[in-house]
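Notes for the structure review
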Amino acid sequence: MAKPRKIIIDTDPGQDDAAAIMLAFGSPEELEVLGITTVAGNVPLSYTSRNARIVCELCGRPDMKVFAGADAPMARKLVTAEHVHGKTGLDGPELNEPAMPLQEQHSVDFIIETLRREPEGAVTLCTLGPLTNIGLAFQKAPDIIPRVRELVMMGGGFFEGGNITPAAEFNIYVDPEAAEIVFGSGIPIVMMPLDVTHQLLTQKGRIERMAELGTAPVKAMVEMLEFFERFDIEKYGSDGGPLHDPAVIAYLLKPELFKGRHCNVEIEVKSELTAGMTVIDWWHVTDRKRNAKVMRHVDADGFYDLLIERFARI
Ligand code: RIB
Ligand code: CA
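Residues numbered from 1 in each chain as written. Chains lettered and ligands numbered in written order. Predicted model: local features only at pLDDT ≥ 70, side-chain atom pairs only at ≥ 80, totals over all residues. Heavy atoms only, no water.

**Re a nonpolar patch on the surface**
Taken together, the side chains of Phe159, Trp283 and Val285 define a hydrophobic patch exposed on the protein surface, amounting to about 370 Å² of accessible area. In this structure, Trp283 sits in the loop between β9 (278-280) and β10 (292-298). Relative accessible area serves as the criterion here: at 55%, Trp283 is assigned to the exposed category. (Patch = residues over 30% accessible without salt bridge, like charges linked within 9 Å, V, L, I, M, F, W, Y side chains within 5 Å. Areas by Shrake-Rupley, 256 points an atom, 1.4 Å probe, with all protein chains shown as cover. Salt bridge = Lys/Arg side-chain N within 4 Å of Asp/Glu carboxyl O. Helix = DSSP H or I, 4+ residues; strand = E, 2+ residues; numbered from the N terminus. Buried < 20%, exposed > 50% of the residue type's maximum accessible area, 1.4 Å probe, protein only.)

As structure tokens, then:
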């Protein structure tokens, strides 16, 4: 059995972030979570740092190291998404305040220290929120850039357009400057845009199958997802909401569930109208560097089979 892959999860929980973290904790043979770094995004940093610890305790991992990171984007005012995730960011279930501590160290310094300590090419960055912590880390310590094995991120969109503006997806929209640094860094990137995550709807049958597991952590997760999906059901009239962030972890566990291609991805940082847009050269009409593997197709049933199978282990 191969040794588990070392990952850092950078996150702005968020109910879908919580599902991604639970999926990672349900896969200890394949993934070793070195730490969870939080960032302001869906809700302010005080809530994302609280929420990450609540999810760790829910998953029976009060030992996990959770770090607080950037409380605002690199160059803009913070935009949050309480309209989707509720005031706390984990609305839905009744949850206790976390007992486990927050680490003293800043997320950015933990990312730098870990990448310098671990062997080159050993650590994968899994980003589920705005890329502020990663952008700051690369700016502060460029020596860590070649040490990253891969960055697997949820963010962006092209054929699906945007979800916070007509042109931009939330994670990129919140901090386009950080995204520009990351996509210009040269590290291997796997991108899970809305084009993929909009295929991963929390359909009724899927939530029912999840609920049948009957455990307390999964009951809380189901209540989170039932709160989370209401926004997209009202907005799109869809059968459930898109479960964005677990696509990042599912890719590490079963990459064969996804299909995509290497493309050039540029980030719009100038225009007000299209700020945060990910301009994906899917048809290779330019000779710009193909800096990301952009996913476009996913086996949604296979994804939910994996999710439910791993949730059962929590
Ligand atoms: O646009 C969806 C992304 O924004 C997800 O990561 C969700 O959690 C929010 O952060
Ligand atoms: Ca997120």
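**Brief notes about the nonpolar core**
Grouped together as the largest cluster of nonpolar side chains are 63 residues, with contacts concentrated most on Ile9, Ile36, Met192, Met210, Ile249, Phe258 and Phe311. At eight residues, helix α1 (residues 15-25) tops the list of elements feeding residues into this core. (Core = buried A, V, L, I, M, F, W, Y, C linked by side-chain atoms within 4.5 Å.)

**Comments concerning the coordination of the calcium ion (ligand 2)**
For the calcium ion (ligand 2), every protein donor is listed as Asp12 (OD), Asp17 (OD), Asp17 (OD), Leu128 (O) and Asp245 (OD), and the spread of their distances is 2.2 to 2.6 Å. In terms of primary sequence, the donors binding the calcium ion (ligand 2) are separated according to D-x4-D-x110-L-x116-D. Taken together, the residues Asp17 in helix α1 and Asp245 in the loop between α10 (216-236) and α11 (246-253) connect sequence positions 228 residues apart. Here Asp17 and Asp245 have matching classes, each one buried. (Donors = N, O, S within 2.8 Å, 3.2 Å for Na, K, Ca; no water.)

**Thoughts on the site of ligand 1**
Within the structure, ligand 1 sits among 13 residues, and Asp16, Leu128, Asn163, Glu169 and Asp245 are positioned closest to it. One of the side-chain nitrogen or oxygen atoms of Asp17 is found 2.9 Å away from an oxygen atom of ligand 1. One of the side-chain N or O atoms of Asn42 is found 3.1 Å from an oxygen atom in ligand 1. Burial of ligand 1 by the surrounding chains reaches 97%, relative to a free accessible area of 270 Å². When atoms are counted within 2 Å of each cavity's grid points, the one that captures over half of ligand 1 is the largest cavity. Secondary structure elements with two or more residues in the shell around ligand 1: α1 and α6 (170-174). Of the residues belonging to the shell around ligand 1, the class tally is three nonpolar, five polar and five charged. (Near = heavy atom within 4 Å. Polar contact = N/O pair within 3.5 Å; in protein donor to acceptor, adjacent residues only side chain to side chain. 1 Å grid on protein atoms, 1.4 Å probe; cavity = no way out; pocket = protein on both sides within 12 Å on 5 of 7 lines; lining within 4 Å. Sits in = over half its atoms within 2 Å of the grid points. Nonpolar A, V, L, I, M, F, W, Y, C, P; charged D, E, K, R; others polar.)

**Structural notes on empty space enclosed by the protein**
In this approach the atoms are scanned with a rolling probe the size of a water molecule, which exposes any empty space left behind. According to the stated counting rule, one finds one cavity of 30 Å³ or more in the structure shown. What the largest cavity holds in volume is close to 270 Å³. If you go around the largest cavity, you meet 25 residues; those closest to its centre are Val84, His85, Asn163, Phe170 and His244. Secondary-structure elements contributing two or more residues to the lining of the largest cavity are α1, α3 (82-85), α6 and α10. Split by residue class, the lining of the largest cavity holds 11 nonpolar, seven polar and seven charged. (Points joined across faces, edges and corners; volume = space filled by probe spheres on them.)

**Concerning the pattern of salt bridges**
Here the idea is simple: oppositely charged side chains can pair when their charged atoms come close. As enumerated under the stated definition, the model contains 18 salt bridges in all. Linked through salt bridges whose partners overlap, the residues forming this network are Glu29, Glu30, Glu309, Arg310 and Arg313.

**Brief notes about unusual backbone geometry**
In this structure, His284 takes a positive phi of about 50° despite not being glycine. A relative accessible area of 29% places His284 in the partly exposed class.

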